[in-house]
Protein chains: 2
Amino acid sequence: MNQEYIKPHPWSIIEEGFNPALVRASESLFSMGNGAMGQRANFEEEYQGDTFQGSYIAGVYYPDKTRVGWWKNGYPEYFAKVLNAPNWIGIKVRIDGESLDLSKCQIENFKRELNMREGFYKRSFQATMKNGIIIEVESTRILHLELDELGIIDYQVTPINKNADITFTPYVDAAITNEDSNWDDKFWDIIEVKEDKNQGFIRTQTLKTHFDVCTFMESQLYIDGQHIDILPKTTKSLSSIELVYVVPVAQGQTVSLRKYAGYTVSLNHDPKELVAAAKNVLSKGIKIGYATLKEQQAAAWKEIWDMADITIEGDVAAQQGIRFNIFQLNQTYLGKDARLNIGPKGFTGEKYGGSTYWDTEAYCIPFYMATKNPQVARNLLKYRYDQLSKAIENAQKLGFVNGAALYPMVTMNGEECHNEWEITFEEIHRNGAIAFAIYNYERYTGDTGYMVEMGLEVLIGIARFWCQRATFSNTKKKYVILGVTGPNEYENNVNNNWYTNYMAKWCMLYTAEMIERTATIFPDNYKRIRQATNFEDNEIADWKKMAAAMFLPYSDSEDVYLQQDGFLDKELVTVANLNKEHLPINQKWSWDRILRSPYIKQADILQGFYFFEEHFTTEELERHFDFYEPFTVHESSLSPCVHSIQAAKLNRMDRAYEFYLRTSRLDLDDYNKEVEEGCHITSMAGTWMSIVEGFGGMRVRDGHLHFEPRIPKEWNSYTFKVNFRGSILTISVNKDKNSFVLESGNPLTIIVNGQSISINS
Amino acid sequence: MNQEYIKPHPWSIIEEGFNPALVRASESLFSMGNGAMGQRANFEEEYQGDTFQGSYIAGVYYPDKTRVGWWKNGYPEYFAKVLNAPNWIGIKVRIDGESLDLSKCQIENFKRELNMREGFYKRSFQATMKNGIIIEVESTRILHLELDELGIIDYQVTPINKNADITFTPYVDAAITNEDSNWDDKFWDIIEVKEDKNQGFIRTQTLKTHFDVCTFMESQLYIDGQHIDILPKTTKSLSSIELVYVVPVAQGQTVSLRKYAGYTVSLNHDPKELVAAAKNVLSKGIKIGYATLKEQQAAAWKEIWDMADITIEGDVAAQQGIRFNIFQLNQTYLGKDARLNIGPKGFTGEKYGGSTYWDTEAYCIPFYMATKNPQVARNLLKYRYDQLSKAIENAQKLGFVNGAALYPMVTMNGEECHNEWEITFEEIHRNGAIAFAIYNYERYTGDTGYMVEMGLEVLIGIARFWCQRATFSNTKKKYVILGVTGPNEYENNVNNNWYTNYMAKWCMLYTAEMIERTATIFPDNYKRIRQATNFEDNEIADWKKMAAAMFLPYSDSEDVYLQQDGFLDKELVTVANLNKEHLPINQKWSWDRILRSPYIKQADILQGFYFFEEHFTTEELERHFDFYEPFTVHESSLSPCVHSIQAAKLNRMDRAYEFYLRTSRLDLDDYNKEVEEGCHITSMAGTWMSIVEGFGGMRVRDGHLHFEPRIPKEWNSYTFKVNFRGSILTISVNKDKNSFVLESGNPLTIIVNGQSISINS
């Protein structure tokens, strides 16, 4: 049922043979990124077949005019869009005057490889042109991790059966649009198109947001590895610049065009200096040279893998899956820049418009905490701190007062940019995940500094929101939270979603605790925070009172917490008892039918049990897992990982493994039939959690790492590394034994299956 | 606070003095219509000021490409739009070469009058042109009720201070667009622009729906009443035709252009014969002549008023209000054509796109039953019968089977054309009103024929829908209806909306009863219906079982039915205790805040008590009125009338009068600050109900009219007429006595305040 054209390989994603129907899917799967920019794996040469062109620059977005059926008060004016940026990868190729286009000639030995170990993308094929000339093509592309404004393409052509004139026309094109633009509006203004010998530049500016971007390129030619110094003919239009090189090539000779290109952006440079900055990047890159740049790239990836790799013995599909996830996460976000965040599609597509969802806090932060230095996770937290005033404004728009903060469901710059009322206004549990991430960060890193520097202000804004959002029910004699959408988006506008109420309760108690701690331990900071937030002492009392009387729907007959007040009134037919023809319900059923069904799109109560594991017994978890899992359809990419972790905890390794496969190869095997639109980047962190927290059973309690390792019967062993407070620990789990090795840093005391173990190097 | 520029007058709507800021509002209030076509009261001459141009043709619509934020399965592909049609009212006027434009010259003695008694719209003013010429203008417009393809404009100009060359350029313009078009798409194709001496024709066709329309005109000139025979110069463009007449006019002389114009439409003619049909209309109209046409119009309106008028003594504002309502209803719908229905804005604006809502069944049918012959109401019922197969298709799209029918929330041709999930999929109570109207029709008219001919098939489809839509709750041990929106659209996706559940229960029981009656009394019809619907006997048992066990939420502590399961969990602050700055909440509050508030947009439980009055005691009504009215904000035009009727029944005449004023002068006084967009046509029938059923206390029980007359203290008397089963009865209510006079038809036994009275002529 699922696609299976990707060859199993431990370190590479490989496609063999040219199938035009798979071009869009491969463009997603073979995407490149370096945290600062990225593109879909579009062909460099012209292609008239079906393709989805996409180049993206981190942090550069457009507030597209919103599109709604019926306007609701409080909707934001715009829906932010990840912007399709000017294309710098393009190289038109002509062979004796005939344009090379894979949709128009005969293709053999077509192969793509995304080499994840060394961080390059290579494509090779043999083409028989209409004019009879047979050529071999090999194209390699790198987005340099360190010089992250620079990409390099090495495009090689070898005429096989006769001499040929090869024309390369590397170009930069700024006449690009978004597939998902709401009103077919123009997003970019073109300021200047400029050439300089082998170089070309286009300066553009986004409309409204006024991001200045210089897209640049320089090309060099080689024959059989020998640099040849010819000047191109330049063609300019209002929106593009082309450098035309004509090279006579003898049969069997290989001509190579090396294109150095990329973006300089006003986020990082004075807008007036973008061309100068681009020239600087080009001169640096060319001075280093292609071979060394490629080595540097491999070395930079080696450094990432050295820390982040997970090896799996005995299951190449699982191995390929987890590496693909880790690779894509690192292509998307490297944690260098607190202005950036992790978009659900990374640099692989446009969908979901905005960049930041609660995915970051709920799923991505654990991965970055364990595989990078703590500054990376801290930057992700700081991102929200920097947007606190916007979150307060957002809450004000909805009628909240006194510094209450509601973080947006989707955002680029702190402003809400989503507009379905049931999500925008009601899926308020996101506020809880943002608070939880602050707690989780301190729990993992031991860094108490973030709380006093920034975290507490965020917590106060969030606690105030919950305190105003909950209301007292005279019939229940409890505080209730009405009209919400929980993590399970297949229920909308429900009352007392257990997860949301529990989160609210926890947020208020945790904030109270942190205020009290800060007042005691960091009195100076406390004074500053008190002033900044106009905090008053009675607020703590209010929060505690409300938390103590928060309503948590419970069924005595079923002995479980209820997902929401009305859950048990539904027709409780399990997924197993549903005719398979009805699945996936998001494609087969009308929305109202989904809403009144018991089917759960993604972990909801079980997500809460995941966050607050210590608050519940394993027996309670088991009861809730057994009650809710049978109704869960996992039609969100964020669902299977949580179920995998919970199943592993319950020692149900077959289920855990089944959920693991579903999360780890979601895109490679295209479970949801939508990989063409891009990859599911944020849920990839959930895959990492499935292994580390699920199978490995890793937890942090009282400042120590705990493990309860388990292994799926399909695997011989697996190994992962974590950076815990500066100590690097390698964990290997075999069928019959586990090993814990300190690679560097201070000795650690860890707890394995309840037993304390000291780990020295 | 409300606008008060309309002069009080018993029979006319009058504006005096020119205020450009009121142009859009007046364009709505002075709208003309004759059931077949209509327009907003746009100026004939050019006007560069702010204006909302609108001409509409009954039954001619366009399936505009829909616009949604996020697509939901089951949404219809289009949102039907009342189409802005080619403009035939335009007459450019030049005075010695200077264009007459009210935004560019000095205006005195400006006056508009909508003469409701005789059915014409007149506008007069004096203009001082920049060139110094002073002119008097008087323009009269009629949309002929009988020749309903014909409109006539008599446009008179008198130069006051010198001789002048007057140029009249009557034109037809097909280059029109909808203000509310979703994607700025073009809606019309222009087929042919054609002239013939004093005549001009434009043939157009709507895209997609392919309605053919010929917009036509012919002009005649008079000086001081003397016909002058001059041929115009004709100018044509791709989308317009102009006839240019130049007339030298002496100071003090009056030149008059009479423009005969209108539409012929493929709904009523062979599309190929539209120009011929137009010529036929023109020749008829011109043969009859303006004076006689105007007399005919007055006579036709007299006939309508003779039956439909309500007189109120002692309160000219109330008198003007009710006549405006009755006039607009008759301008909108005359009941001649079962393909037509009553759009919420009639011919006064574009808003609410589609034509038919449950407004027709719940509010309009009683008015048309009592003031027209029964065929008119029957046509409104037949409209739904004719669309039964589409309602069944609509239900199928949402997963229902076996002939279950869900009528659309908004429709032009039986297909759903609304797309907000909470309305489209969930506001299913509309099905109940459609069934109720069938019951109500038979109750009022005594015509049992409709049921066997058409009604029962509709009822079966509706009963099947409810039977599939309700589900069994294991916790409540009752049938529940989850995920609905009741008449109070300020709650969405609620469970067990009392009104909806009660409607569902009643529909199933009533359908069962009607099937049993039909089987006994009309066995042949029953056989046919059984075959047509594949009806099976066990269905009746299912319905009865489900109706008997239908859950109706009730609060023991409050001793009232609950609007929905969660109502009492809300913060029950009454409207009186809400800071006035928060009103209207639909403008001041975000949607989520509205949804979790207790505020009721329009009568919900009280609407159910209105439909099923006999099922509840007056004491029960009082309890529910006292409980729900304090939470009702009446932010729907359909709300105050129901509250007025209920308040009158409870003998709270001050409240009843207050609600009456709110409904009757909603548009004239612009309570909701939106009259610019058009008038609230369907709620105007509610105003009529407020007097007849509210103050007059008219009901039909056991085949007899009942009355319990009351009178607001502000009035001296009021009088209305009803056509009850062919007998015309005039009811006059004075402060101290009531009179009931049989105008024609068979003697009647009526029940007044519980006492039986025989009425003979």
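Now for a look at the structure at hand. As the structure is a computational prediction, the values presented were derived from the model and not from experiment. (Residues numbered from 1 in each chain as written. Chains lettered and ligands numbered in written order. Predicted model: local features only at pLDDT ≥ 70, side-chain atom pairs only at ≥ 80, totals over all residues. Heavy atoms only, no water.)

Moving on, we get to the overall build of chain A. Tallying secondary structure elements over chain A gives 20 helices and 32 strands in all. Computed over C-alpha atoms, the radius of gyration of chain A comes to 27 Å, within 12% of the 27 Å expected from 2.2 N^0.38 for 761 residues, which places it in the range of a compact globule. Expressed along its principal axes, the backbone C-alpha trace of chain A runs to roughly 85 × 55 × 55 Å. Counting over 761 residues, chain A shows a buried share of 65%. When contacts within chain A are restricted to residue pairs at least 6 apart in sequence, those whose partners lie at least 24 apart make up 69%. Within the structure as shown, chain A displays about 26000 Å² of accessible surface, and the carbon and sulfur contribution to it stands at 47%. (Helix = DSSP H or I, 4+ residues; strand = E, 2+ residues; numbered from the N terminus. Rg over C-alpha atoms; globule rule 2.2 N^0.38 Å. Buried < 20%, exposed > 50% of the residue type's maximum accessible area, 1.4 Å probe, protein only. Contact = heavy atoms within 4.5 Å. Areas by Shrake-Rupley, 256 points an atom, 1.4 Å probe, with all protein chains shown as cover.)

On to helix 19 (residues 653-664) of chain A. Working note: α-helix, 3.6 residues per turn, so residues spaced by three or four point in the same direction. Residue and element names in this part refer to chain A. Compared with the 16 Å implied by 1.5 Å per residue over twelve residues, the 16 Å span of helix 19 between its first and last C-alpha is a close match. For helix 19, every residue scored as buried is listed here: Met653, Ala656, Tyr657, Phe659, Tyr660, Thr663 and Ser664. Seen end-on, helix 19 carries its buried residues on one side only, within an arc spanning 165°. (Expected span 1.5 Å × (residues − 1). Arc of directions from axis to C-beta.)

Next up on the list: the packing of helix 18 (residues 640-649) of chain A against helix 20 (residues 681-695) of chain A. Residues and elements named next belong to chain A. For the pair helix 18 and helix 20, interaxial distance at closest approach is 9 Å and the crossing angle is 5°. The angle between helix 18 and helix 20 places the two elements in the roughly parallel class. Contacts from Cys641, Ser644, Ile645 and Ala648 in helix 18 reach Gly686, Thr687, Met689, Ser690, Glu693, Gly694 and Phe695 in helix 20. For the contact of helix 18 with helix 20, the class distribution of residues is five nonpolar, five polar and one charged. (Axes fitted to C-alpha atoms, helices over the stretch in contact; angles between N-to-C directions. Parallel < 35°, antiparallel > 145°, perpendicular 65-115°, else oblique. Nonpolar A, V, L, I, M, F, W, Y, C, P; charged D, E, K, R; others polar.)

Moving on, we come to the pairing of strand 29 (residues 727-734) of chain A. Residues in a regular strand point their side chains to alternate faces of the sheet. All names here are of chain A. Here strand 29 lies mainly inside the structure; seven of its eight residues are buried. Note that strand 28 (residues 717-724) and strand 29 share eight bridges and pair antiparallel. Bridge pairing in strand 29 places Asn723 opposite Ile728. Judged from the six bridges that link them, strand 29 and strand 30 (residues 738-744) form a sheet pairing that is antiparallel. Paired with Val733 across the strands is Asn738, a residue of strand 30. Hairpin geometry of strand 29 and strand 30 is characterised by an intervening segment of three residues between the two adjacent antiparallel strands. (Pairing = 2+ DSSP bridges.)

When chain B is fitted to chain A, the best match, at an RMSD of 0.1 Å, comes from turning it 180° and sliding it 0.1 Å along the axis. Expressed as an axis order, the relation between the two copies is that of a two-fold axis. (Least-squares fit on C-alpha atoms with pLDDT ≥ 70 in both.)

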